[in-house]
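Chains, contacts and geometry: an overview
Okay, here's what each chain looks like letter by letter:
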Amino acid sequence: MCALAAGVAQAAAEPVRFQLPSHHIACWSDRTFVRCDILDPEHKPKRPASCELDYGHAFELTRTGRGHRICAGDTVLDPKAPVLRYGKGKRFGSFTCRSRRSGLRCTNRRGHGFELSRARQRLF
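The following paragraphs examine the structure supplied in this document. Note that the coordinates shown come from a computational prediction; the quantities given were computed from them, not determined experimentally. Each chain has its residues counted from 1, following the order in which its sequence is written. Totals for whole chains, interfaces and linings use all residues, but because this is a predicted model, local features are given only for residues with pLDDT of at least 70 and pairs of side-chain atoms are given and counted only at 80 or more. Excluding hydrogens and water, the side-chain values take into account all heavy atoms of the structure.

Observations concerning the state of the cysteines
Just so we agree on the cut-off: Defined by distance alone, a disulfide is two cysteine sulfur atoms within 2.5 Å. Burial classes: relative accessible area under 20% of the type maximum marks a residue as buried, over 50% as exposed, and values in between as partly exposed (1.4 Å probe, protein chains only). A run of H or I in DSSP counts as a helix once it spans at least four residues, and a run of E counts as a strand once it spans at least two, with each numbered from the N terminus.
Under the counting rule described, the total for this entry stands at 3 disulfides. One disulfide in the model links C27 with C36; its S-S distance is 2.0 Å. Looking down the S-S bond of the C27 and C36 bridge, the torsion is 110°, so its handedness is right-handed. Just as C27 is buried, C36 falls in that class too. Between the sulfur atoms of C51 and its disulfide partner C71 the distance amounts to 2.0 Å. Because the torsion about its S-S bond is 85°, the bridge between C51 and C71 counts as right-handed. Note that C51 is positioned in the loop between β3 (33-38) and β4 (54-62) and C71 in strand β5 (residues 68-72), a separation of 20 residues in sequence. The exposure class assigned to C71 is partly exposed, which follows from its relative accessible area of 34%.

Written out as structure tokens, the structure reads:
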């Protein structure tokens, strides 16, 4: 019984990763937050002075807060990540993400989140 419980706990701790069929948006989560990146967004806001890395392509959502852009020098875009087909959703921890032809929508249990596409990003 203990070995089974340890195996379940280890499986639950494994990161979640996926990408949309377009391969332009990908996400990674350790279940305490979800981060999603866009390959070459059409519009990027001006980089804040406090950010010395890249800005405008990476987004984060925590369990309770609103979705927001992050300053990042890396990416979660991974061509080997599993594809979340259009019309499908994925629930993990406090998060739900849904893949659509128009882009990706991720929310937390409080209803905060983001909608992402190369053309438009909406944070709520």
